[in-house]
Amino acid sequence: METKILTNGTNSTTADPLNTAETTTMKKNFEEKEIVIADASEAIPEKPEHNPDHEIADEILKSAKEDGFEDALQKLADGEFEKDLKESEVVKAEENLLEELIVDEEIFIQEPITPENGYMVERIHELEARVANLELKNKELSERLRNSENLNIMTIFSLAEIARILAEMIKEEEKGEEKVSLLEILVEVLQEIFHAIIDPNGEMQDNEKEEHSSNEEEENNPRRTLLEIVEKLQAEGQIRTNRQIQQDVHSAQAA
Amino acid sequence: MTYKTLQTNFERELLFQIIQNLRHKKLTHEEAKIVAQRFMPVLKSETAQEFIESLAKLAQYHPEILEAFIKTIREYEKDEVANTLSRARVCLSEFATNDQLRINN
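Residues numbered from 1 in each chain as written. Chains lettered and ligands numbered in written order. Predicted model: local features only at pLDDT ≥ 70, side-chain atom pairs only at ≥ 80, totals over all residues. Heavy atoms only, no water.

1. Some details on the overall build of chain B
In terms of regular secondary structure, chain B is built from four helices and zero strands. In chain B, the order of α-helices and β-strands from amino to carboxyl end is α-α-α-α. When burial is assessed residue by residue, chain B has 36% of its 105 residues classed as buried. Long-range pairs, those at least 24 residues apart, make up 65% of the contacts in chain B between residues at least 6 apart in sequence. Counting only carbon and sulfur atoms, one obtains 54% of the accessible surface of chain B, whose full area is about 6800 Å². (Helix = DSSP H or I, 4+ residues; strand = E, 2+ residues; numbered from the N terminus. Buried < 20%, exposed > 50% of the residue type's maximum accessible area, 1.4 Å probe, protein only. Contact = heavy atoms within 4.5 Å. Areas by Shrake-Rupley, 256 points an atom, 1.4 Å probe, with all protein chains shown as cover.)

What follows is the structure in structure tokens.
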């Protein structure tokens, strides 16, 4: 393209502006600006808006190019483009499932209490109370567990060893009456072990103390019988003495 | 312009209108489907005149058909007018020639 440039208002010359140095510089500056603008637009990408109609328009155009105008219109009339769109929508719905679930949960939490969900609210309160109660019990158990450091471990070991011997004796015993008496003793031993475990400091409840004091007065006191048996067996060397057990425990703890 | 050419031109223009309106959110895909469903039977018209009359009726209800109608039918009618005038000129010319010959004889 040629442009007339007037100089001093008198002469006119014909020149190609693309060949002049000034025009070249301007063109270069313009191109640089364009590049900067293009970079800026790339730096802030616009979030693509999901428009199903836009997708259908693309599908129609594609069909018109490939199949012809009449076939494209026929497909549109038959709703064939909708099917493709629905399939793609299903895929997108699956992709956004987690997000939707989170939104639903928020709605559920914000939902006002109605008679229908009132029962559930009561149930939640009840369960929360139970949890609080269980936490309290857990604290108590933890406390008791800490106290169990003072457990009279010697007693438990001795009684366990007696129980083992009694079990062997019961196996070997043939007579019914003696077997029964041995079994009774074994039951007592097991009860003692149980008491030692749940009451490590040897402290008994008041009612238990009363029961024990009244029982001690009886001649056939099983506890006394048991102690006698223990002393007898220890004297005969059939079971270990308390000191021996203590040494074993110490060595086990050291190991 | 033949009737077949008119049909093809109209189909192309209608598709253009539908696609453009879908992209500019002036038309939903459900509405586009209805437009196509109503237009397809019109293609079975036997003559161009019948085709144009049917489209003129549909154009009252569907802006896309109206737009396509204005663009294609106007062109078709201009073409038809030009052809008719051309034929008329030929006829008149023939008539004038024959009349001159008759006067000369």
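2. What to know about helix H1 (residues 3–23) of chain B
End to end, H1 of chain B covers 30 Å across 21 residues, agreeing with the expected 30 Å (1.5 Å per residue, within 8%). One or two residues past the end of H1 of chain B sits Lys25 of chain B, with phi positive at roughly 60°. (Expected span 1.5 Å × (residues − 1).)

3. A short note on the packing of aromatic side chains
All names here are of chain B. A complete count under the given rule lists three aromatic pairs over all chains for this structure. Residues Phe10 and Phe39 carry aromatic rings whose centres are separated by 5.3 Å and whose planes lie at 25° to one another, so their mutual orientation is stacked. Of the two residues, Phe10 is situated in helix H1 and Phe39 in helix H2 (residues 29–39); the sequence distance between them amounts to 29 residues. What makes Phe10 buried here is its relative accessible area of 0%. Ring plane angle 85° and centroid distance 5.9 Å describe the contact between Phe10 and Phe51, whose orientation is recorded as edge-to-face. Here Phe51 lies in helix H3 (residues 48–59) and Phe10 lies in helix H1, a separation of 41 residues in the sequence. There is no split in this pair, since Phe10 and Phe51 are both buried. Three or more aromatic residues joined by ring pairs form one cluster here, namely Tyr3, Phe10, Phe39 and Phe51. (Phe/Tyr/Trp six-rings, centres within 6.5 Å; stacked < 30°, edge-to-face > 60°.)

4. Here we look at the interface of chain B and chain A
Contacts between the two partners involve 22 residues from chain B and, on the opposite side, 20 residues from chain A. When chain B packs against chain A, close to 1900 Å² is buried across both sides, 69% of that on carbon and sulfur atoms. Linking chain B to chain A there are one salt bridge. The closest approach of N and O atoms between Arg23 of chain B and Asp58 of chain A, which form a salt bridge, is 2.6 Å. Taken together, the links from chain B to chain A amount to three residue pairs in polar contact (both at pLDDT 80 or more). Examining the composition of the side of chain B that touches chain A, we find that ten residues originate from one element, H1 of chain B, more than from any other. (Buried area = accessible area lost by both parts, 1.4 Å probe. Salt bridge = Lys/Arg side-chain N within 4 Å of Asp/Glu carboxyl O. Polar contact = N/O pair within 3.5 Å; in protein donor to acceptor, adjacent residues only side chain to side chain.)

5. Examining the packing of H1 of chain B against helix H4 (residues 63–104) of chain B
All names here are of chain B. Orientation of H1 relative to H4, taken along the N-to-C sense of each, is 145°, at an axis distance of 9 Å. Judged by the sense of rotation from one axis to the other, the crossing of H1 with H4 is right-handed. Contact residues: Leu6, Asn9, Phe10, Glu13, Leu14, Gln17, Ile18 and Asn21 in H1; Glu64, Ile65, Glu67, Ala68, Phe69, Lys71, Thr72, Ile73 and Tyr76 in H4. Considering only residue class, the contact of H1 with H4 consists of nine nonpolar, four polar and four charged. (Axes fitted to C-alpha atoms, helices over the stretch in contact; angles between N-to-C directions. Left-handed = near helix turned anticlockwise from the far one by under 90°. Nonpolar A, V, L, I, M, F, W, Y, C, P; charged D, E, K, R; others polar.)

6. Focus: unusual backbone geometry
A positive phi angle is found at Lys25 of chain B, which is not glycine, with a value near 60°. Examined against the element boundaries, Lys25 of chain B turns out to sit in the loop between H1 and H2.

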